[in-house]
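Coordinates in review
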Amino acid sequence: ADSQEEAAGGLLLFFKGREMEKVLAGIDRMNIWLGRSTGFLAFFVAAAIVYEVIVRHFFNRPTVWANESTIFAACVIYMLAGGWAVLEDRHVRIDLFYHGFSARKRAVIDCVTYPFFALYIVVMLWASSKYAWESLQLRETTMSPWNPPIYPMKILMTVGLLLILLQGTARLIRNLYFLRGKTLS
């Protein structure tokens, strides 16, 4: 039974029950912490936009930094909270019937669609890491009058995609255990 349990999930089930629970819990904690800790940046984004509107409209003194800094802060939120969104099942999905299905059927659908998800994320991860590396080597900037470096955002995109892939894989592993009648925390 143990050899069947180890082989059932293919290469994804490297650890047995308690060990796997610890690994998955670590992925969950990391994504929850990153998602929650970057959420405060939404207040900065809102404040910067309000500030820009006020100084532009009432004082005719537009800023150079407000637009780019709101884009950068939003990037941090989107990229670092992506794994948390996958964990909480809040990511974008075309859902006509999915939530009406039983938990078992949803787990089967998630397992069947995982290769497409993983392929998409891996291709994006490969491309973003390539662009991040090139940008870092060039010390790329936005070339605006403010001219902040843009390579940290490209590196962040790679990190965010990796977090999404990790959380999606954790979901797959939980679904595989669930379909075999076992549960992981």
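The following paragraphs examine the structure supplied in this document.

What counts and how
- Residues numbered from 1 in each chain as written.
- Predicted model: local features only at pLDDT ≥ 70, side-chain atom pairs only at ≥ 80, totals over all residues.
- Heavy atoms only, no water.
- Salt bridge = Lys/Arg side-chain N within 4 Å of Asp/Glu carboxyl O.
- Helix = DSSP H or I, 4+ residues; strand = E, 2+ residues; numbered from the N terminus.
- Buried < 20%, exposed > 50% of the residue type's maximum accessible area, 1.4 Å probe, protein only.
- Polar contact = N/O pair within 3.5 Å; in protein donor to acceptor, adjacent residues only side chain to side chain.
- Core = buried A, V, L, I, M, F, W, Y, C linked by side-chain atoms within 4.5 Å.
- Contact = heavy atoms within 4.5 Å.
- Axes fitted to C-alpha atoms, helices over the stretch in contact; angles between N-to-C directions.
- Parallel < 35°, antiparallel > 145°, perpendicular 65-115°, else oblique.
- Left-handed = near helix turned anticlockwise from the far one by under 90°.

Quick look at the pattern of salt bridges now. Evaluated as defined, the whole model comprises six salt bridges. When the shortest N-O distance is used, the salt bridge between R18 and E21 registers 2.4 Å. Of the two residues, R18 and E21 both sit in helix α2 (residues 17-39), three residues apart, roughly one turn of that helix. Using a relative accessible area of 15% as the deciding quantity, one classes E21 as buried. One salt bridge in this structure joins D28 and R174, with 2.4 Å as the shortest N-O distance. In this pair, D28 sits in helix α2 while R174 sits in helix α7 (residues 151-179), placing the two residues 146 residues apart along the sequence. Note on D28: relative accessible area 12%, which makes it buried. If you follow the salt bridges from partner to partner, you end up with D89, D110 and R171 in one network.

Quick look at the side chain of S144 now. Considering the arrangement of structural elements, one finds S144 in the loop between α6 (103-138) and α7. Among the polar contacts listed, one links the side chain of S144 to the side chain of E68, at a separation of 2.9 Å.

Among the nonpolar cores identified, the biggest contains 13 residues, and V76, L80, M153 and L156 are the most heavily contacted of them. Among the elements that make up this core, the one with the highest residue count is helix α4 (residues 65-80) (seven residues). With sequence-adjacent residues up to four places away left out, L80 is seen in contact with L34, G35, T38, L156, V159 and L163. Grouped together as the second largest cluster of nonpolar side chains are eleven residues, V86, C111, I121 and I164 included.

Right, let's talk about the side chain of T158 for a bit. Take T158: it is sitting in helix α7. The class of T158 is buried, set by a relative accessible area of 17%. Polar contacts involving the side chain of T158 include one to the side chain of S128, which spans 3.0 Å. Those residues in contact with T158 that lie beyond four places of it in its chain are L125, S128, S129 and A132.

Moving on to the packing of α4 against α7. Between α4 and α7, the least distance of the axes is 8 Å, while the angle of their chain directions is 20 degrees. Taken together, the axes of α4 and α7 are roughly parallel relative to one another. Of the two possible hands of crossing, α4 and α7 adopt the one that is left-handed. On α7, the residues that touch F72, C75, V76, M79 and L80 of α4 are M153, L156, M157, V159, G160 and L163.

Where helix α3 (residues 41-57) contacts α4, the axes come no closer than 9 Å and their chain directions differ by 160 degrees. Considering their axes alone, α3 and α4 lie roughly antiparallel with respect to each other. Crossing angle aside, the handedness with which α3 passes α4 is left-handed. Residues L41, A42, F44, V45, A48, I49, Y51 and E52 of α3 form the contact with α4, whose participating residues are W65, A66, S69, T70, A73, A74, V76 and I77.

Interpretation note: all reported values are geometric properties and have no functional meaning in isolation.
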